[in-house]
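Structural characterization, general
Residues per chain, in single letters:
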Number of protein chains: 2
Amino acid sequence: MHFYDFNSLQSLAKGECRPFVIDGQQVGLISQNVMEQLFRYPEVFCIKDAEQGKQNIVELNPAFRDYTERSEQVDRVLKEFRSQGLFVALKGWRNECYEVHGITGSLMKMERSATSLFGVRNFGVTINGYIKHPSKGLCIWLQQRADTKQTWPGKWDNMVSGGLSVGYGIHETAVKEAAEEASIPDGLLKNLVSAGCVSCFFESERGLFPNTEFVFDLELPEDFVPENSDGEVQDFELLSANECLERLYSPEFKTTSCPVVVDFMIRHGVITPENEKNFTQVVELLHVPLQSLYTYRSPPQTNGLTNSNGFKNGRI
Amino acid sequence: MHFYDFNSLQSLAKGECRPFVIDGQQVGLISQNVMEQLFRYPEVFCIKDAEQGKQNIVELNPAFRDYTERSEQVDRVLKEFRSQGLFVALKGWRNECYEVHGITGSLMKMERSATSLFGVRNFGVTINGYIKHPSKGLCIWLQQRADTKQTWPGKWDNMVSGGLSVGYGIHETAVKEAAEEASIPDGLLKNLVSAGCVSCFFESERGLFPNTEFVFDLELPEDFVPENSDGEVQDFELLSANECLERLYSPEFKTTSCPVVVDFMIRHGVITPENEKNFTQVVELLHVPLQSLYTYRSPPQTNGLTNSNGFKNGRI
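Residues numbered from 1 in each chain as written. Chains lettered and ligands numbered in written order. Predicted model: local features only at pLDDT ≥ 70, side-chain atom pairs only at ≥ 80, totals over all residues. Heavy atoms only, no water.

**Considerations on the overall build of chain A**
So the rule is basically this: Each helix corresponds to a stretch of at least 4 residues labelled H or I by DSSP, and each strand to a stretch of at least 2 residues labelled E; elements are numbered beginning at the N terminus. Contacts are assigned to residue pairs that have any heavy atoms within 4.5 Å of one another. Using a 1.4 Å probe, the Shrake-Rupley method yields the accessible areas, and only the shown protein chains count as cover for residues.
Per the secondary structure count, chain A includes eight helices and 14 strands. Across chain A, every contact between residues at least 6 apart in sequence was considered, and the portion connecting residues at least 24 apart equals 68%. Accessible surface, chain A: about 13,400 Å² in total, of which carbon and sulfur atoms supply 47%.

This is the structure:
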């Protein structure tokens with residue numbers, strides 16, 4: 001698992017990866033090894049080489065009429081990839097779909113484990129639960145993921161987090177996950193404060209993970225103890241800021257959740273320019289300009305009907 | 001004054017601007033119109049065109065022995081530019097020097113008004129002073145700059161801010177400026193919390209302004225009123241979050257100080273993904289990866305002695 005610095009991110013985007021385009025809008029990034037397999041399905045994926053001034057792209061066949069046809073056609077290919085054992089990512093097949101968004105809303109749905117093959121941007125929410133302890137100072141609640149989870153089983157993670165789903169707003173998702181994952185009562189959730197977002201780009205053998213996490217802070221009373229109600233968490237633990245930093249750098253922590261904890265530590269004066277000599281670089285790495293990697297646009301195809309199933313309020 | 005989005009920033013950096021290199025280290029970016037004038041001083045500035053695999057750069061003559069010689073040689077050229085009325089930036093000549101830093105410390109000093117011609121990175125500190133008002137909610141202290149200030153006279157600005165000076169640490173600078181600009185007593189400064197940094201890139205007729213601001217939050221008691229003691233501020237005003245947003249978007253606000261206020265509003269839940277549809281883009285723009293624009297390195301010249309006058313602890 002690599003945590004990209006910005007220069008390698010740029011070369012990644014401009015070099016071997018190509019925009020994945022649906023209905024004229026870039027929704028993903030496709031690496032060479034994935035593209036080699038997509039070549040075998042020219043009726044589904046149109047691989048366009050650069051012509052004067054134009055960029056290499058991989059386009060989903062614009063003849064597909066709508067959300068449903070796109071989803072079915074891609075799903076058929078993915079199932080073949082899976083049965084052929086082609087990609088590690090698909091060994092984690094979940095039978096759970098992720099909505100692939102363009103500017104105009106959701107363009108298709110895709111098996112969640114396959115989104116990393118297409119470099120589809122992922123959006124989630126995280127709640128940093130903390131207390132201001134009279135003697136220990138700032139303390140942070142972490143969860144330990146259930147051993148039965150498909151990704152990162154048994155690893156330590158932020159108190160509450162979850163992916164954005166269609167029909168749910170960002171704040172709404174945070175509230176829903178807080179109830180399901182940590183049984184936080186409505187009364188306490190009134191203190192939930194939106195605190196920004198963290199954008200990172202990871203790569204692993206499972207593919208590309210451009211991830212933006214909407215971040216919330218929640219100060220909790222000292223006597224509150226989170227309790228799981230959906231079976232996805234096996235433990236919660238309250239750590240001092242220093243204990244939390246130590247846990248963070250251990251292999252027991254879910255790598256992709258580290259940036260949100262680091263952002264929290266920076267915003268709350270634990271990690272400072274005085275104690276972290278790469279302070280400005282770290283802050284920049286928590287906010288990689290993913291926006292700049294998903295800029296390809298072409299004139300929309302007139303035969304491509306767009307389903308406008310966006311996140312609530314069409315905010316993404 | 002332009003507030004760059006990342007794409008124009010990249011083209012700016014990769015297109016017409018060249019790294020400004022001292023002792024093998026990139027310390028700035030030089031635009032075409034400045035380079036045309038530097039051509040006239042080949043004994044001071046070596047303009048190197050790309051050779052196989054190498055980048056176009058503008059290098060300060062590596063024969064200059066040390067900090068003092070570099071500073072004097074550049075100062076001589078700048079004074080000629082000034083007397084010839086060549087650059088708007090130099091009309092604001094301050095007789096105040098800015099330290100030009102490389103990785104190894106300060107490499108030379110340069111008249112402050114000229115740093116934008118060389119695209120030298122600027123580092124500063126800002127303190128967001130705020131109260132949690134029982135009825136008005138989050139309120140923010142702003143200062144109005146004195147009419148006598150050379151830059152942005154009479155404009156509204158963050159409660160406290162200042163440039164980093166040699167020999168002062170970042171936290172130390174914040175404390176010093178808090179006393180000078182707003183007479184904040186030591187007792188209250190114990191609540192100062194480091195809260196990250198904001199990096200932006202501005203361009204105006206005065207040149208290039210790549211700026212990184214180290215940000216501190218300071219919650220103040222309701223009855224405290226800031227008072228200026230160095231003559232650089234003519235007024236302080238406490239505004240509700242909404243009043244502050246309105247002021248921010250008015251021409252009465254110092255443009256280059258807006259990003260830090262916006263960052264504060266994001267971290268404190270005033271600007272949220274629910275009320276700002278470009279939320280993720282705004283967050284990315286507050287953290288442009290300046291680091292990636294100042295990456296040029298060449299083998300150090302053996303005749304270039306380096307003065308290691310860094311900021312305290314050599315942290316920058």
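**Regarding the interface of chain A and chain B**
Buried accessible area, meaning the area lost when the parts come together, often serves as the stated size of an interface. Test applied: Defined here as a combined quantity, buried area equals the accessible surface (1.4 Å probe) lost by two parts on assembly, summed across both. A side-chain nitrogen of Lys or Arg and a carboxyl oxygen of Asp or Glu constitute a salt bridge if their distance falls within 4 Å. Residues were grouped as follows: Ala, Val, Leu, Ile, Met, Phe, Trp, Tyr, Cys and Pro as nonpolar; Asp, Glu, Lys and Arg as charged; and all remaining residues, including Gly, as polar.
Every contact between the two is made by 40 residues of chain A and, on the other side, 40 residues of chain B. Interface area, chain A with chain B, both sides summed: about 3,100 Å², of which 59% is carbon and sulfur. Our count for the chain A to chain B interface comes out at zero salt bridges. Elements that contribute at least two residues to the side of chain A that touches chain B include exactly helix H1 (6-14), helix H4 (170-182), strand E12 (193-204), strand E13 (207-219), helix H7 (258-267) and helix H8 (279-285) of chain A. For the side of chain A that touches chain B, the element with the highest residue contribution is E12(A), accounting for six residues. Grouping the amino acids of the side of chain A that touches chain B by side-chain chemistry returns 14 nonpolar, 19 polar and seven charged.

**As for the nonpolar core**
Where we set the bar: Residues belong to a common nonpolar core when they are buried Ala, Val, Leu, Ile, Met, Phe, Trp, Tyr or Cys residues joined through side-chain atoms within 4.5 Å. For the exposure calls, accessible area comes from a 1.4 Å probe over protein chains only, and a residue counts as buried if that area is under 20% of its type's maximum, exposed if over 50%, partly exposed in between.
Phe20(B), Phe45(B), Phe118(B) and Ile184(B) are the most contacted members of the largest nonpolar core, which has 84 residues in total. A total of seven residues in this core trace back to one element, the largest contributor, which is H7(A). Excluding anything up to four places from it in sequence, Phe118(B) contacts Phe20(B), Gly28(B), Leu29(B), Ile30(B), Leu38(B), Phe45(B), Leu78(B) and Met110(B). Core analysis: the second largest hydrophobic core is formed by 83 residues, Val27(A), Phe45(A), Tyr98(A) and Val283(B) among them.

**What about the domain arrangement of chain A?**
Residue and element names in this part refer to chain A. Quick reminder of the rule: In this document the domain limits rely on a domain assignment from an automatic tool or a database. Whenever two N or O atoms come within 3.5 Å, that pair is a polar contact, provided that in protein one can donate a hydrogen and the other can accept it, and provided that, for residues adjacent in sequence, both atoms are side-chain atoms.
Taken domain by domain, chain A holds domain 1 (16-120) and domain 2 (122-292). For domain 1 versus domain 2, the separation of C-alpha centres amounts to 30 Å. On the side of domain 2, 13 residues touch domain 1, which itself brings 14 residues to the contact. Between domain 1 and domain 2 the total buried area reaches about 1,100 Å² when both faces are included, carbon and sulfur atoms providing 57% of it. Summed over the three residues of domain 1 that lose the most area to domain 2, namely Val88, Tyr98 and Ser116, the buried surface amounts to 38% of that side. Taken together, the links from domain 1 to domain 2 amount to zero salt bridges. Applying the counting criterion to the domain 1 and domain 2 interface returns five residue pairs in polar contact (both at pLDDT 80 or more). The class makeup of the residues in the side of domain 1 that touches domain 2 is eight nonpolar, three polar and three charged.

**Quick notes on H4(A)**
All names here are of chain A. Spelled out, the test is: Residue count minus one, scaled by 1.5 Å, sets the expected span of a helix. Note that the arc is computed from the directions linking the helix axis to the C-beta atoms.
Over its 13 residues, H4 extends 18 Å from the first C-alpha to the last, a length consistent with the 18 Å expected when each residue adds 1.5 Å. Of the positions making up H4, those classed as buried are Ile170, Thr173, Ala174, Glu177, Ala178, Glu181 and Ala182. The buried residues of H4 occupy an angular sector of 135° when projected down its axis, which confines them to one face. Buried residues belonging to H4 abut strand E8 (122-133), strand E9 (137-145), strand E11 (160-163), helix H5 (186-189), E13 and strand E14 (233-240).

**Some points on the relation of the copies chain A and chain B**
So the rule is basically this: For this overlay, a least-squares fit was computed on C-alpha atoms, restricted to residues scoring pLDDT of at least 70 in both copies.
You can overlay chain A on chain B at an RMSD of 0.1 Å; the transform is a turn of 180° with a shift of 0.0 Å along its axis. Expressed as a symmetry operation, the mapping of one chain copy onto the other fits a two-fold axis. Relative to the rotation axis, the closest C-alpha in chain A is found at His287(A), a distance of 3.1 Å. When the interface residues of chain A are mapped onto chain B, 100% of them are again interface residues, pointing to one common binding face.

**Describing the packing of aromatic side chains**
All names here are of chain A. Formally: Only Phe, Tyr and Trp rings are paired, with Trp represented by its six-membered ring, and only when their centres lie within 6.5 Å; those with planes under 30 degrees apart are stacked, over 60 edge-to-face, the remainder tilted.
A full pass over the atoms with the stated rule returns 16 aromatic pairs over all chains. On the basis of an interplanar angle of 50° and a centroid distance of 6.2 Å, the ring pair of Phe20 and Phe45 is categorised as tilted. You can see Phe20 sitting in strand E2 (residues 18-22) and its partner Phe45 sitting in strand E4 (residues 45-48), a full 25 residues away along the chain. A relative accessible area of 0% places Phe20 in the buried class.

**Thoughts on the sheet that holds strand E4 (residues 45-48) of chain B**
Residue and element names in this part refer to chain B. For the record, the criterion: We call two strands paired when DSSP finds no fewer than two bridges between them. Note on definitions: angles span 0 to 180 degrees between N-to-C directions of axes, and those axes are lines fitted to C-alpha atoms, for helices only across the stretch in contact.
With mixed pairing, four strands are arranged side by side in an open sheet as E3-E2-E5-E4. For this open sheet the edge positions go to strand E3 (25-30) and E4, each flanked by a neighbour on one side alone. Averaged over all pairs of adjacent strands, the angle between their axes in this sheet comes to 30°, without regard to strand direction. Here strand E2 (residues 18-22) pairs with E3 via five bridges, running antiparallel. Note that in E3 the partner of Pro19 across the bridge is Leu29.

**A look at empty space enclosed by the protein**
The probe, sized like a water molecule, is rolled over the atoms to show the empty space still left. For the record, the criterion: Only protein atoms enter the calculation, which uses a 1 Å grid: trapped sets of points that fit a 1.4 Å probe without letting it out are cavities, open sets showing protein on both sides within 12 Å along at least five of seven lines are pockets, and any residue with an atom within 4 Å of a point is a lining residue. Grid points are joined across faces, edges and corners, and a volume is the space filled by probe spheres set on the points.
Under the counting rule described, the total for this entry stands at six cavities of 30 Å³ or more. Counted as a void, the largest cavity has a volume near 140 Å³. Residue lining of the largest cavity: 18 residues in total, with Asp263(A), Arg267(A), His287(A), Asp263(B) and His287(B) positioned closest to the centre. Every element with two or more residues in the lining of the largest cavity is listed here: E12 and H7 of chain A together with strand E12 (193-204) and helix H7 (258-267) of chain B. Grouping the constituent residues of the lining of the largest cavity by class yields ten nonpolar, four polar and four charged.

**Things to note about the packing of helix H6 (residues 241-248) of chain A against H7(A)**
Residue and element names in this part refer to chain A. Basically, it comes down to this: For classification, angles of less than 35 degrees are called roughly parallel, those exceeding 145 degrees roughly antiparallel, those between 65 and 115 degrees roughly perpendicular, and all remaining angles oblique. Each helix crossing is assigned a hand: it is left-handed if the near helix lies turned anticlockwise from the far helix by less than a right angle, otherwise right-handed if that turn is clockwise.
It is the contact of H6 with H7, at a shortest axis distance of 11 Å, that shows an interaxial angle of 155°. The pairing of H6 with H7 is recorded here as roughly antiparallel in orientation. For H6 against H7, the interelement crossing comes out left-handed. Residue-level contacts link Ala241, Cys244, Leu245 and Leu248 of H6 to Cys258, Val261, Val262 and Met265 of H7. When the residues that make up the contact of H6 with H7 are grouped by side-chain class, the tally is eight nonpolar, no polar and no charged.

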